[in-house]
Amino acid sequence: MTDTITVAAATAWLEAYADVVDAQRDHLTELDSAIGDADHGANMSRGTRAAVDKVLADQPAHLDGLLKAVGMTLVSTVGGTSGPLYGTFFLRLAAALGHEGEADPATLAAGLRAGLDGVIARGKAEAGDKTMIDAMDPAVAAFERAVTGGSVLGAAASAAADAADAGRDATEPLIARKGRASYLGERSAGHIDPGAASTALLFRSLAEALAA
Amino acid sequence: MTDTITVAAATAWLEAYADVVDAQRDHLTELDSAIGDADHGANMSRGTRAAVDKVLADQPAHLDGLLKAVGMTLVSTVGGTSGPLYGTFFLRLAAALGHEGEADPATLAAGLRAGLDGVIARGKAEAGDKTMIDAMDPAVAAFERAVTGGSVLGAAASAAADAADAGRDATEPLIARKGRASYLGERSAGHIDPGAASTALLFRSLAEALAA
Amino acid sequence: MKKLIGDPQHVIRDALVGLDKSTPQVRVDHDNRVVLRAEPKPDGRVALVSGGGSGHEPLHGGFVGLGMLDAACAGEVFTSPTPDQMVAATTAVDRGAGVLHIVKNYTGDVMNFEMAAELAGSVRVETVVTDDDVAVQDSSFTAGRRGVGVTVLLEKIVGAAAEEGRDLDAVAELARRVADSGRSMGVALTSCTVPAVGKPTFDLPDDQMEVGIGIHGEPGRRRVPVAPASEIAEMIVEPILADLDMTTSPVIAMLNGMGATPLIELHLMYGEVASLLEKAGVTVARSLVGNYITSLDMAGCSLTLLRADDEMLRLWDAPVNTAGLRWGA
Amino acid sequence: MKKLIGDPQHVIRDALVGLDKSTPQVRVDHDNRVVLRAEPKPDGRVALVSGGGSGHEPLHGGFVGLGMLDAACAGEVFTSPTPDQMVAATTAVDRGAGVLHIVKNYTGDVMNFEMAAELAGSVRVETVVTDDDVAVQDSSFTAGRRGVGVTVLLEKIVGAAAEEGRDLDAVAELARRVADSGRSMGVALTSCTVPAVGKPTFDLPDDQMEVGIGIHGEPGRRRVPVAPASEIAEMIVEPILADLDMTTSPVIAMLNGMGATPLIELHLMYGEVASLLEKAGVTVARSLVGNYITSLDMAGCSLTLLRADDEMLRLWDAPVNTAGLRWGA
Ligand SMILES: Nc1ncnc2c1ncn2[C@@H]1O[C@H](COP(=O)(O)OP(=O)(O)O)[C@@H](O)[C@H]1O
Ligand SMILES: Nc1ncnc2c1ncn2[C@@H]1O[C@H](COP(=O)(O)OP(=O)(O)O)[C@@H](O)[C@H]1O
Ligand SMILES: [Mg+2]
Ligand SMILES: [Mg+2]
Ligand SMILES: [Mg+2]
Ligand SMILES: [Mg+2]
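Basis of the calculations
Residues numbered from 1 in each chain as written. Chains lettered and ligands numbered in written order. Predicted model: local features only at pLDDT ≥ 70, side-chain atom pairs only at ≥ 80, totals over all residues. Heavy atoms only, no water. Pairing = 2+ DSSP bridges. Helix = DSSP H or I, 4+ residues; strand = E, 2+ residues; numbered from the N terminus. Axes fitted to C-alpha atoms, helices over the stretch in contact; angles between N-to-C directions. Contact = heavy atoms within 4.5 Å. Buried area = accessible area lost by both parts, 1.4 Å probe. Salt bridge = Lys/Arg side-chain N within 4 Å of Asp/Glu carboxyl O. Polar contact = N/O pair within 3.5 Å; in protein donor to acceptor, adjacent residues only side chain to side chain. Nonpolar A, V, L, I, M, F, W, Y, C, P; charged D, E, K, R; others polar. Domains from an automatic or database assignment.

### Some words on the sheet that holds strand 3 (residues 47-54) of chain D
Residue and element names in this part refer to chain D. The six strands lie next to each other as 1-2-4-3-5-6, forming an open sheet whose pairing is mixed. With one partner strand each, in any of the chains shown, strand 1 (26-29) and strand 6 (125-130) form the two edges of the open sheet. With direction set aside, neighbouring strand axes in the sheet form an average angle of 25 degrees. As paired elements, strand 2 (residues 34-37) and strand 4 (residues 71-77) share three bridges and run antiparallel to each other. In the sheet register, valine 35 faces strand 4, and the bridge partner there is alanine 72. Strands in contact with helix 5 (residues 168-181) are strand 3, strand 5 (99-104) and strand 6; relative to strand 6, the strand with the most contacts, it is inclined by about 5 degrees.

### As for the interface of chain C and chain B
Each partner contributes to the interface: chain C provides 38 residues, whereas chain B provides 33 residues. Counting each side, the surface lost to burial between chain C and chain B is near 2,700 Å², with a carbon and sulfur contribution of 53%. On inspection of chain C and its partner chain B, the count reaches four salt bridges. With its nearest N and O atoms 2.8 Å apart, the salt bridge here joins glutamate 210 of chain C to arginine 187 of chain B. Our enumeration of links across chain C and chain B arrives at 13 residue pairs in polar contact (both at pLDDT 80 or more). The set of elements that each furnish at least two residues to the side of chain C that touches chain B consists of strand 4 (71-77), helix 2 (83-93), helix 3 (107-119) and strand 9 (222-225) of chain C. When residues of the side of chain C that touches chain B are assigned to their parent elements, the largest contribution, seven residues, is made by helix 3 of chain C. When its residues are assigned to classes, the side of chain C that touches chain B shows 14 nonpolar, 13 polar and 11 charged.

### Some details on the domain arrangement of chain C
By a widely used convention, the size of an interface equals the accessible area lost when the partners come together. Residue and element names in this part refer to chain C. The domains assigned to chain C are domain 1 (11-180) and domain 2 (182-317). A C-alpha centroid distance of 22 Å is found between domain 1 and domain 2. With 35 residues of domain 1 at the contact, the number on the domain 2 side is 36 residues. Carbon and sulfur atoms supply 62% of the area buried between domain 1 and domain 2, which totals about 3,000 Å² over both sides. Taken together, the connections running from domain 1 to domain 2 amount to six salt bridges. For arginine 146, the salt bridge is made with glutamate 218, and the minimal N-O distance between the two is 3.1 Å. Counting every contact that joins domain 1 to domain 2 gives 21 residue pairs in polar contact (both at pLDDT 80 or more). Of all the elements in the fold, those that place two or more residues in the side of domain 1 that touches domain 2 are helix 4 (150-163) and helix 5 (168-181). Grouping the amino acids of the side of domain 1 that touches domain 2 by side-chain chemistry returns 19 nonpolar, five polar and 11 charged.

Put into structure tokens, the structure is as follows:
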């Protein structure tokens with residue numbers, strides 16, 4: 001058995017993500033109520049559900065087709081801040097994985113890095129700004145380290161998910177410098193960033209899909 | 001000592017009324033909240049206070065001047081339903097007592113009856129409609145009976161006040177057929193009418209002023 | 001109580017200062033609490049005076065100006081103004097052609113305007129009383145139906161007629177015709193809080209609403225569980241249509257907010273109402289959605305339908321320039 | 001949650017139905033959730049497109065019509081619309097002279113409009129970003145100041161300029177000048193409730209208010225005890241005047257309600273604001289008091305002051321015919 005992410009696995013990733021976002025919808029909104037505008041749960045749930053529907057209807061045969069459909073659907077159904085950012089993440093990932101039926105660990109690592117770079121380019125946030133970057137950046141780095149160290153995909157994704165969780169938790173004391181939470185100034189401290197929480201779920205879903 | 005109501009006693013009546021209305025202001029409003037629009041306390045307090053101010057400033061020498069000033073001030077400061085009605089009551093009372101320094105029990109009885117008739121003419125309510133009439137009508141009747149029976153003014157006023165209290169309490173089960181409370185239909189039952197409550201205070205104040 | 005106010009006893013005084021400063025269409029006589037047109041109308045035209053308790057803004061002060069009222073008397077919150085105020089307004093705006101008093105049917109308003117008409121001396125006064133609230137049933141056993149939303153439509157239509165130079169009898173006749181042709185019904189999701197009282201007039205649990213309310217924060221005819229907009233639309237459309245056939249001519253429809261209901265909800269409710277009217281064969285010729293006759297900070301809405309003939313529609317479309325209603329000028 | 005709605009997930013869809021039916025000035029593209037003028041403007045004129053999250057009504061859909069916007073994109077509640085909607089709006093309204101995108105400064109809005117401008121193909125697009133909220137301090141360490149009330153004034157003034165036939169560069173230049181010349185500040189007495197969430201976004205005790213709020217139900221910069229209107233006026237006037245000298249030319253003043261604040265309170269607040277401005281030597285040339293850019297059912301208000309030159313005042317006075325703002329037409 002070769003260690004790759006297939007179209008089926010990527011689809012499973014997306015489905016797992018949509019499911020956990022639905023399950024955590026109120027929690028994500030709760031987080032966004034504290035330092036934002038109480039829509040992150042609804043935004044992510046609307047977008048991931050639409051992406052699943054699109055992918056199940058289109059049944060794309062290649063990774064780029066699949067992930068591009070996800071990215072486009074997120075862009076055109078989510079809106080807000082998370083729509084363009086998660087959309088960009090998947091569009092860059094699609095481009096990096098290419099017109100293939102599967103991708104090996106190094107390719108996936110490069111794809112995740114490309115996705116992260118896209119989010120940074122679009123949102124212009126840095127680590128420590130109390131955004132989804134604070135979960136995404138350590139997750140991608142952990143994934144790369146694991147792959148470089150010879151881990152199989154499942155283990156690398158699991159390490160990435162753990163790093164994302166830690167990154168998410170580490171946003172709690174931070175004062176936000178990007179997004180809506182930044183308007184609160186010091187009052188933003190003491191709350192976990194909602195986008196970091198949804199990013200942690202993204203990597204946990206990947207780990208689950210690749211472990212299965 | 002002759003048994004009359006003097007300008008001083010009438011002034012004391014008005015002052016006692018203004019004081020008790022102030023003290024019961026929130027209670028009157030409470031009653032009006034249940035079946036009206038929550039302004040009866042404010043209305044009566046604004047009007048009686050303005051009437052006291054007017055009378056203390058003008059120092060009218062005769063009963064008609066005094067009571068007309070009270071009636072006009074109520075009309076021009078209260079508004080709402082109670083303004084024209086209590087205003088009319090005092091204007092008719094003034095006319096009946098005439099340009100005199102004092103009035104005997106029979107004259108006062110006739111004056112109160114004239115006031116009541118004025119309120120009925122203006123408001124077109126009948127006994128049992130759940131309005132101030134339900135306190136005023138038995139009060140005036142009791143006053144007349146006492147005077148006819150030979151009571152002194154203080155005793156007659158006290159009998160009137162008791163009758164007004166009873167009339168007020170008797171409004172509780174009634175379904176309103178006049179004023180705002182009538183809009184509630186059957187929901188108006190179970191609450192004392194605010195105007196009946198302020199009328200009971202009017203007669204209690206008279207009894208106090210004439211007992212002193 | 002959370003309100004943008006100073007001393008709760010002086011809310012009307014203070015609000016009139018702001019109305020005056022922000023509204024070029026009016027000037028305020030602060031002593032009498034009368035809102036007057038900044039530019040009085042020409043001699044020989046019939047003038048329109050209305051007024052009532054405050055707390056219904058923009059009614060009436062916000063409807064003073066070209067094509068609508070000449071003066072509005074502001075009472076205390078939910079309390080009819082006094083005859084003195086009405087006399088001051090009437091004498092100030094009379095241009096020799098007489099004055100129409102527009103009175104909402106409440107015992108206090110009717111009595112105070114009656115006294116004012118008696119006291120207005122040489123000025124010829126006619127009175128129209130609006131009583132369009134179908135929530136008040138058995139009106140012979142009550143103070144009669146309340147005057148609510150039709151008052152707004154009447155002030156607009158009759159204001160335009162007065163502007164055209166009709167005489168007092170014609171203006172009063174038209175006013176009565178408008179009053180007879182309109183019906184309203186309202187619901188409340190919350191009570192309101194009278195500033196001088198400091199707490200809500202009535203308690204309404206989170207899962208209950210009042211049906212058949214007036215505009216004075218009074219409870220309605222009945223309390224029902226909170227319902228979706230489509231069912232609320234039925235609660236306000238059906239009693240109106242049951243009371244007056246609205247299919248015989250086009251109607252002017254006003255979906256009115258009670259003060260604390262945001263426009264997005266009024267839009268949504270209007271959609272539900274419009275689809276019921278369509279089904280019932282009612283043709284809406286003109287519509288108005290917004291806060292026009294309110295109950296302080298009450299959440300809820302009311303619907304007013306006016307059976308409008310061609311003349312009323314033409315007068316409706318005529319220019320109006322007030323703080324609360326403006327077009328064509 | 002007490003609201004006049006049906007399914008909380010479909011509030012925007014349902015509200016657009018009602019807006020469409022009640023507003024002759026617009027027609028709604030329900031598939032794209034774009035509000036368009038019923039009568040498109042003539043060829044060769046620059047078109048104005050705005051949009052943003054819903055919940056701010058009448059902004060933006062209520063400002064579509066002659067003299068103001070050509071199209072407005074409606075996002076979910078408090079959520080920027082998507083680039084697809086903006087592209088649909090932009091291509092629908094382009095009359096060959098290009099399109100101005102009017103964007104309130106929020107990360108999501110800016111990014112989605114950016115993507116839309118990239119995707120708009122052959123249509124020439126210029127963008128103006130409003131960022132007038134002085135409550136956001138240290139704007140270099142944040143997402144920058146929020147775009148709030150100035151957006152309304154800009155849409156009116158720049159809409160009039162586009163109507164006159166100016167080219168896209170001139171329209172965009174004017175728009176940036178207006179954006180630079182306005183400042184806003186807001187307070188909230190209550191939170192608001194997002195329909196899909198069903199409970200208030202934040203808890204605010206009965207004796208506390210938020211100072212320095214935006215328009216998305218977010219908490220403000222600080223929480224203070226509820227204060228009388230005169231002190232609240234200081235809280236909103238002073239930070240604006242400290243940020244931009246408003247004495248060098250006359251200003252347009254907008255005292256805006258957040259959605260659940262009744263007009264009587266806005267009048268009263270305007271009186272307090274006007275007297276502070278007078279003392280500070282600020283001349284108010286035009287004023288607007290009412291609900292123009294709201295936060296669902298939030299109680300509170302915001303003040304916007306725009307330093308207006310003669311050209312802006314002339315364009316302000318030009319005819320406008322929209323559901324939310326209308327005069328001269
Ligand atoms: N500039 C940015 N770069 C990256 N992520 C950002 C940026 N601004 C905000 N975010 C993320 O977006 C999340 C909010 O998303 P969401 O609530 O869906 O959108 P909105 O803030 O427009 O309501 C934040 O919690 C944060 O993680
Ligand atoms: N037609 C009437 N005749 C006599 N009294 C009346 C009539 N209508 C109402 N009232 C009295 O007026 C009282 C209400 O007064 P108030 O609250 O001051 O005025 P409003 O009802 O205009 O708010 C009622 O409680 C009732 O006693
Ligand atoms: Mg959000
Ligand atoms: Mg009352
Ligand atoms: Mg009253
Ligand atoms: Mg949002």
